[in-house]
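Structural characterization, general
Chain by chain, the residues run as shown.
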Amino acid sequence: MNTAQASLTIGAVAKRVGVAIDTIRYYEREGLLPEPLRRASGYRSYDEGAVRQLRFIRRAKDLGFTLEEIRDLLALSADRHRGVKAVKQRAQQRLAVIDERIAELTRVRDGLEQMIEACPGHGSPEQCPILRALVADESPL
């Protein structure tokens, strides 16, 4: 990191990227961000590269990638030979996981909707299909 370029404080970086200062420190500890230079005062000093890398991490998290997957994506983004193909494969894998989660959530939603429709909204708690389903030995969903 060039000291002439490394002029941003951790607070300024956090504000520009829209993350908490503790998040930046966490990513440094996890090896997702390189350890920044320190000023004579001991304060961290960042450059624009750190801002770009944090935005990459944040956007990847928004797409559902785990930190381990993001670590792989960061490494692949620097691989000129197989990087793009491998990144596409990782994105396809992430999409498959998201599709599975959507299917599961749809199933749960449909089951809950059926219980809500079956519940009259009055009477004794023992007769409520929602409460009965919550205490049943087996999952109704």
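The paragraphs below set out a description of the structure included in this document. (Residues numbered from 1 in each chain as written. Predicted model: local features only at pLDDT ≥ 70, side-chain atom pairs only at ≥ 80, totals over all residues. Heavy atoms only, no water.)

Scanning the entire structure with this criterion turns up ten salt bridges. Arg71 is the partner of Glu30 in a salt bridge, and the nearest nitrogen-oxygen pair spans 3.9 Å. Separated by 41 residues along the polypeptide, Glu30 in the loop between α2 (21–29) and β1 (37–38) and Arg71 in helix α4 (residues 67–77) bring together distant segments of the chain. Through salt bridges with shared partners, one network takes in Glu30, Glu68 and Arg71. (Salt bridge = Lys/Arg side-chain N within 4 Å of Asp/Glu carboxyl O. Helix = DSSP H or I, 4+ residues; strand = E, 2+ residues; numbered from the N terminus.)

Turning to the environment of Ile10, a few remarks are in order. Looking at where Ile10 falls in the secondary structure, it is placed in helix α1 (residues 10–17). Classification of Ile10 by relative accessible area gives buried; the value is 12%. Taking the C-alpha atoms as reference points, Ile10 and Ser45, 35 residues apart in sequence, are found 6.9 Å from one another. Every residue in contact with Ile10, bar those within four places of it in the chain, is listed here: Ile21, Ile24, Arg25, Arg44 and Tyr46. (Buried < 20%, exposed > 50% of the residue type's maximum accessible area, 1.4 Å probe, protein only. Contact = heavy atoms within 4.5 Å.)

Moving on, we get to the nonpolar core. Within the largest apolar cluster, 21 residues are counted, with the highest numbers of intra-cluster contacts made by Val13, Ile24 and Ile70. Looking at this core, the elements with two or more residues in it are α1, α2, α3 (48–62) and α4. No other element matches the five residues that α3 contributes to this core. For Ile70, the residues in contact, after removing those within four places along its chain, are Leu32, Ile57, Ala60, Lys61 and Phe65. (Core = buried A, V, L, I, M, F, W, Y, C linked by side-chain atoms within 4.5 Å.)

These results come straight from atomic positions and should not be treated as a statement about function.
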